[in-house]
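Report on the structure
The residues making up each chain are set out below.
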Amino acid sequence: DGGITQSPKYLFRKEGQNVTLSCEQNLNHDAMYWYRQDPGQGLRLIYYSQIVNDFQKGDIAEGYSVSREKKESFPLTVTSAQKNPTAFYLCASSKDRGISNQPQHFGDGTRLSIL
Amino acid sequence: EDQVTQSPEALRLQEGESSSLNCSYTVSGLRGLFWYRQDPGKGPEFLFTLYSAGEEKEKERLKATLTKKESFLHITAPKPEDSATYLCAAKGGSQGNLIFGKGTKLSVKP
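This section reports on the structure supplied with the text. Values in this document were obtained by computation on a predicted structure and should not be read as measured data.

**As for the state of the cysteines**
- All told, the structure shown has 2 disulfides over all chains when counted by the stated rule.
- Note that Cys23 of chain A is cross-linked by a disulfide to Cys91 of chain A, the S-S spacing being 1.9 Å. Across the S-S bond of Cys23 of chain A and Cys91 of chain A the torsion is about -75°, and the bridge reads as left-handed. One end of the pair, Cys23 of chain A, is in strand β3 (residues 19-25); the other, Cys91 of chain A, is in strand β9 (residues 87-94), with 68 residues separating them in the sequence. In terms of burial, Cys23 of chain A and Cys91 of chain A fall into one category: buried.
- The disulfide bridge from Cys23 of chain B ends at Cys88 of chain B, spanning 1.9 Å between sulfur atoms.

What follows is the structure, given as structure tokens:
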């Protein structure tokens, strides 16, 4: 079955540590996205990528980094510069991002906590 | 500034008690209004896309409608398995990014 796989499901970060969240899709989608979800808030866009080897900052990119070396993969690194990393992180993909109205499809998230 | 507001924040219904969830939006050049369902600890599951005022879409007990300022998700004779958080998102013409509301948490009691 086609879908989006995020791993791990739970992740713990120590002070000063960088951690990487994995996102893989087999939907043959061009566009991929990372969101952060906090209690009582809407999803906020961290980074997005429309094509391999290209990505753009979203609304809250500070303290995060991404790469897009393969169409299927869009890993997110939460760096030590992100002072409030505790949140539920969601990866999504869509056929394309531009003027198309194709919906975004989501993985089941990674919950990141600070030790 | 583009914005999406959902109400109420939480809604408790008895099984079989129909109701509606509201999504108000201020987005320039709306390209699409999306509804998602999210279960606890899971990612959002896509339900509907609405493109233009007057459009309606249905799926089982759910019906989504769209006007020029808001969208409604009508739930007819809900069952306990309909309990979830329902998210609304709008896509405007200027950027292409989705703008999400904070969601409505629906609880349906047997």
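**Some words on the interface of chain A and chain B**
- At the interface, 23 residues of chain A touch 21 residues of chain B.
- Remark: the boundary between chain A and chain B carries 1 salt bridge.
- For Lys42 of chain B, the salt bridge is made with Asp108 of chain A, and the minimal N-O distance between the two is 3.9 Å.
- In this structure, the connection of chain A to chain B is made through 3 residue pairs in polar contact (both at pLDDT 80 or more).

Calculation rules
- Here the residue numbering is sequential within each chain, running from 1 through the sequence in written order.
- Whichever chain is written first becomes A and whichever ligand is written first becomes 1, with later ones labelled in order.
- Given that the model is predicted, a residue must reach a pLDDT of at least 70 before its local features are reported, and side-chain atom pairs must reach 80 or more before they are shown or counted; all residues, however, enter totals for whole chains, interfaces and linings.
- Excluding hydrogens and water, the side-chain values take into account all heavy atoms of the structure.
- Throughout, a disulfide means two cysteine sulfur atoms within 2.5 Å of one another.
- What counts as a helix is a DSSP run of H or I of at least four residues, what counts as a strand is a run of E of at least two, and both are numbered from the N terminus.
- Whether a residue is buried, partly exposed or exposed follows from its accessible area with a 1.4 Å probe, protein chains only, as a fraction of its type maximum: under 20%, in between, or over 50%, in that order.
- In this description, contact between two residues means that some pair of their heavy atoms is separated by no more than 4.5 Å.
- One speaks of a salt bridge when a side-chain nitrogen belonging to Lys or Arg is within 4 Å of a carboxyl oxygen belonging to Asp or Glu.
- Any pair of nitrogen or oxygen atoms within 3.5 Å is treated as a polar contact; in protein, a donor-acceptor pairing is required on top of that, and neighbouring residues in sequence qualify only through side-chain atoms on both sides.

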